[in-house]
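# Commentary on secondary and tertiary structure
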Amino acid sequence: MGDITVYLARKVVTMDPGRPFAQCVAVRDGRVLSTGTIETMQPWLKRYPYKIDDTFADKVILPGFIDPHTHFAFSAGYLAMHYIGPIDSPGPHGINKGLPTRAEVLAKLREAAKTDADPSAPLIAWGLDPASQGGHLHRDELDAISLDRPMWVISYAPHFIYLNSAALERAKVPDNTNVHGVMRYPDGRLNGQFVELEAGRLALGAMREAIAERGGVDGLKRMGDIARKAGVTTTAEMIFGKGNFENEWALHAKVVPDESFPLRMGLVSLELALYADHGSKGADFLLDAMKRSGDKLFFHGVKFLSDGSFPAMSLRLNFPGYLDGSNGLRNDVPWDELHERMLPYWKAGIQIHCHANGDEAVDASLNALAKLQKAQPQFDHRFTLEHYCISTPDQARRLKALGGAASVNNYFVHYRSQLHAEEGFGPDRSEAVARLGSLEREGVIFALHSDYSLVLVPLHPLTAAWVAVNRIALDGKTVLAPGERIGVERALRAITIDAAYVLGAEQRLGSLEPGKFADFAVLEADPFEVDPVDLKDINIWGTVLGGKPQPA
Amino acid sequence: MTAESRDQADDVAVPVNPTAGKETLAMLMGIFEAARVVPRAVAPISLPLTIVSGFLGAGKTTLVNRLLSEPGGRRIAVLVNDFAAVNIDEELIRFQSEDTIGLTNGCACCSINGDLVNAIQRLVERKEPPDAIVLEASGLADPRGIAQVALANPAIRLDAILALVDCETFPERIRDERTRPTMLAQLSAADIVVMSKSDLIEDRRDMIKGLIESAAPGRTVLEATHGDIPADIVLGVNASPSSTFGCSDTGHHTSFASTTRSWSTPADRDAIMRALRELPPNVIRAKGIFCFKDDEQRRFVYQRVGKRESLEAVSAPSSIAQHASRLVLIGFSEQWDEAEVSRLVP
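What counts, and at which threshold
Residues numbered from 1 in each chain as written. Chains lettered and ligands numbered in written order. Predicted model: local features only at pLDDT ≥ 70, side-chain atom pairs only at ≥ 80, totals over all residues. Helix = DSSP H or I, 4+ residues; strand = E, 2+ residues; numbered from the N terminus. Buried ≥ 20, exposed ≤ 12 C-beta atoms within 10 Å, placed from the backbone. Contact = placed C-beta atoms within 7 Å. Pairing = 2+ DSSP bridges. Axes fitted to C-alpha atoms, helices over the stretch in contact; angles between N-to-C directions. Parallel < 35°, antiparallel > 145°, perpendicular 65-115°, else oblique. Left-handed = near helix turned anticlockwise from the far one by under 90°. Nonpolar A, V, L, I, M, F, W, Y, C, P; charged D, E, K, R; others polar. Core = buried A, V, L, I, M, F, W, Y, C linked by C-beta atoms within 7 Å.

## Some remarks on the overall build of chain A
- When helices and strands are tallied, chain A shows 20 helices and 24 strands.
- Reported as C-alpha extents along the three principal axes, the dimensions of chain A are approximately 85 × 50 × 50 Å.
- Classification of the 552 residues of chain A by burial places 56% in the buried group.
- Across chain A, every contact between residues at least 6 apart in sequence was considered, and the portion connecting residues at least 24 apart equals 70%.

## Focus: the sheet that holds strand E5 (residues 108-111) of chain B
All names here are of chain B.
- The nine strands are arranged E3-E4-E5-E2-E6-E1-E7-E8-E9 in an open sheet whose pairing can be described as mixed. The strands lining the two open edges of the sheet, one partner per strand, are strand E3 (93-96) and strand E9 (220-224). This sheet shows a mean twist of 20° between the axes of neighbouring strands, independent of strand direction.
- Sheet topology note: the strand E2 (residues 76-80)/E5 ladder contains four bridges and is parallel. Within E5, the residue paired with alanine 77 across the bridge is alanine 108.
- Against the sheet, helix H2 (residues 60-69) makes contact with strand E1 (47-54), E2, strand E4 (100-103), E5, strand E6 (132-136) and strand E7 (156-166), and its axis sits at roughly 155° relative to E2, the strand it touches most.

## Re the pairing of strand E2 (residues 21-28) of chain A
Residue and element names in this part refer to chain A.
- In terms of residue burial, E2 counts as a mostly covered element, since six of its eight residues are buried.
- Judged from the seven bridges that link them, strand E1 (residues 4-13) and E2 form a sheet pairing that is antiparallel. The partner of threonine 5 across the bridge, within E2, is valine 27.
- Direction of pairing for E2 relative to strand E3 (residues 31-36): antiparallel, over a ladder of five bridges. The residue bridging cysteine 24 from the neighbouring strand is glycine 36, located in E3.
- Between E2 and E3, which pair antiparallel one after the other, the connecting turn spans two residues, and aspartate 29 there sits at a positive phi close to 50°.

## Considering the packing of helix H12 (residues 359-375) of chain A against helix H13 (residues 393-401) of chain A
All names here are of chain A.
- Remark: H12 packs on H13, axes separated minimally by 11 Å, with the N-to-C direction vectors making an angle of 20°. By the angle between their directions, the pair H12 and H13 is classed as roughly parallel. Read as a crossing pair, H12 and H13 show a hand that is left-handed. Each of Asp359, Val362 and Leu366 in H12 lies in contact with H13, whose residues at this interface are Gln395, Arg398 and Leu399.

## Points about the interface of chain A and chain B
- Taken together, the contact between chain A and chain B spans 47 residues of the former and 37 residues of the latter.
- Taken together, the elements giving at least two residues each to the side of chain A that touches chain B come down to helix H2 (76-80), strand E8 (89-91), strand E10 (123-128), strand E13 (182-184), strand E14 (190-195) and helix H6 (196-214) of chain A.
- Ranked by residues supplied to the side of chain A that touches chain B, first place goes to H6 of chain A with eight residues.
- For the side of chain A that touches chain B, the residue count by class is 21 nonpolar, 22 polar and four charged.

## Quick word on the environment of proline 150 of chain A
All names here are of chain A.
- Considering the arrangement of structural elements, one finds proline 150 in the loop between helix H4 (139-145) and strand E11 (151-155).
- When the C-alpha atoms of proline 150 and leucine 168 are compared, they prove to be 7.9 Å apart, with 18 residues separating the residues in sequence.
- Among residues more than four places away in sequence, those in contact with proline 150 are Pro122, Asn164, Ala166, Ala167, Arg170 and Ala210.

## Quick look at helix H4 (residues 143-151) of chain B
- Of all nine residues that make up H4 of chain B, nine are buried, and the element is covered over most of its length.
- Of all the residues in H4 of chain B, the buried ones are Pro143, Arg144, Gly145, Ile146, Ala147, Gln148, Val149, Ala150 and Leu151 of chain B.

## Let's talk about unusual backbone geometry
All names here are of chain A.
- The peptide bond linking phenylalanine 319 to proline 320 adopts the cis configuration, its omega dihedral lying at 5°.
- Here proline 320 lies in the loop between strand E17 (297-305) and helix H11 (338-348).
- Of note, the phi angle at alanine 481 is positive, near 40°, even though the residue is not glycine.

## A look at the sheet that holds strand E13 (residues 308-314) of chain B
All names here are of chain B.
- Pairing within the open sheet is antiparallel, and its five strands lie in the order E10-E14-E11-E12-E13. Each edge of the open sheet is held by one strand with a lone partner, namely strand E10 (256-263) and E13. The mean inter-strand angle of the sheet, taken between neighbouring strand axes irrespective of direction, is 10°.
- Across seven bridges, the pairing between strand E11 (residues 283-292) and strand E12 (residues 295-305) is antiparallel. Bridge assignment links alanine 286 to a residue of E12, and that residue is arginine 304.

## Examining the pairing of E5 of chain B
Residue and element names in this part refer to chain B.
- The pairing of E4 with E5 spans three bridges and is antiparallel. Within E5, the position partnered with threonine 100 by the bridge is cysteine 110.
- In textbook terms, the turn of a hairpin is the stretch between consecutive antiparallel strands, and for E4 and E5 this stretch comprises four residues, one of which, glycine 106, has a positive phi near 90°.

## Observations concerning helix H6 (residues 180-189) of chain B
- Where H6 of chain B is concerned, the buried positions are Thr182, Met183, Ala185, Gln186, Leu187 and Ala189 of chain B.
- For H6 of chain B, the secondary structure elements touched by its buried residues are E1, H4, E7, helix H5 (170-173), strand E8 (192-196) and helix H7 (205-215) of chain B.

## Thoughts on the nonpolar core
- Ala203 and Ala465 of chain A together with Val78 and Leu162 of chain B are the most contacted members of the largest nonpolar core, which has 269 residues in total.
- If you tally residues by element for this core, the top one is H6 of chain A, at 10 residues.
- Valine 78 of chain B has contacts with Val64, Leu67, Leu68, Cys109, Cys110, Val134 and Glu136 of chain B, leaving out every residue within four places of it along the chain.
- If you look at the next biggest cluster of nonpolar residues, it comprises eight residues, including Ile272, Ile289, Phe290 and Phe300 of chain B.

Right under this line is the structure:
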């Protein structure tokens, strides 16, 4: 065994309710050896060599934060993509609303240009129908929307591509190019229009490169940095194996276990993909794949989906449905077959995570769980409802009765509730998004997650905790469904030990107890001492992973 | 280079085809997948890709089967969506795996299995990549989207897009509102339109040609029965050493003529390019590998198919001797004017 390092702190918050606070934490071989004071640790320190590290002497150490539902490896292109077509059209995030007029197209492009904080991030819009939406776009018009962010706009049928100056620069089209279909203004300057194949290849080739730079190894690392700055030491990819299981494994296996990568990551495999590749043998395959797991990168559980998205307004609602009388999308597995597809995993003891955003989908998912319980009753199965955006108090009670857990995207309370009161879900449901108070009252264990970066909320667990405790709307003053607020301790549990529980990793992660990985979030202030409305503004020094400091 | 390319794109008056959006989305997904899968470094090879499109039942599979059994000395890799439909003579099959049928003549038939990007990348990464790739597009697809996904791999060079039309059903389908958008997309994307089953429509030949001309003006139109088109018309040139290069039309439909030119010393780029642009319209294909005086270190592949031409530098070693150049011209035998061709390209 190696030497002991004792990290002194202003305060250590262990998230072990029995011994909640300490002055220092001792680490050995990447794990927690002891928490307490230098005096209480003496039985260890007088027996073994140790050193004192006072880097965090004026800081607050918490267990590293856990965001149990993210998508780090999703194509950067996928995330950069916006629909601007004239008619409603299904997309990866649900039904995209049609934009009949040019003004709406330009407004959507302007909005999209503002969404990503990184000004060099590419913007890809598709679906423009020049015939019905006021003609072709061109370079100067796109430059007026954004000069810095490279923009690619693709027509509804793949014949025309429009680039702004930043994208033209990426495409490295020489001014004197003679490639057919590269269009010009009357004065000979490139006008950003690329027509048909040869020219399209130039434009799309540059787009592919721009996306590639943000995906793969570099993209994963970039996401890792974002998470580290937010105090996160563990996350879980909640749609693993969507494209190609082995390719995605190779990417993660290259990046995550490397010492330079600041996070542990769970991989939750998409059942739909396992089913496509292995049919009824998906569970066997997954059990076998789990043998590849290590300390930093591990397989965990299986993912099902039951409806669409909250922000894209494609989740499924019970009566009275959406304001406009419509309803969202069910997912690919028919609801009455959901339990049959889940059963092999249930029997194999593989934890099931089921995406359910709307209350109708929550019902469907709970029905599936009830059928699993009937087929083969189990305790401690941890069937987890993912997102749990629109629900009722009785659904929380039923979730408890069936022994399930929840992983909730509660960022929407702040970022989108008021929006969807007017558009989509109506006032009652929008106000009561993410009923954490109900879950707590019923005794359901729950975690908070960001779904980063599939939805436009930050990856920042202290912000999730802030939303959970305050439920302050985007207007900065309205408190939404105050009875669904929870206390600071419960909120911190939901981003540490209870999030570890939802990932089946509470014996290794989530609190600072002997034997657990020495993963810390290092804060500049104590979340129990600050005014709860300032929770999200606590500065984060960085993290410690397996005993190794990683400054933000 | 020309006045037309100084223009802005014309506004299109074509109504929105509801399925087009789905294809564009699929194209974007394919390019995103390519961004993930295709290595950043430029591949040192340049594989010619021919896309065979055409509505359901137009004879794509027949053409593909024919190519596989008579590849003209090339190692062709055919990418198909429906493995089961390809009917290969069992004696020709050397091995068969889940996604590939290998033939004794060096060709292979590979399943796309919903993932074109990876299917192409697997071919590119082969120890001995094929001389040419033929992609059988889904009958309902706009080949442009598919082409862009394939071209997202820098090792792929688009050689030609063929659109097959079933002469028997074409007049009806081009008028039917449900099928017209797909037919138009396929015809307008095509370099060469192949009228298949033309033996069945003797009296309506000109009417069908007229319909094709009005749907997609200026395309090279060929007639074929039972996929009987020389491989040299379907396929482009590959600069790799194993590739044969020429046109063997023996045993084929006699309606095609070809001629070959070679040069043993570096050629004059401007003179050659000027001559090639003046070739009469009955030249269906022109393809050559050139060593030019102004750039003797590199080799250039020239392709002309229908109205589209390209000249690209290739890094692969040439199959022909140093400083040598070679050109093949293929055209309709009926209108072939050897004297005119010789005058242009002596």
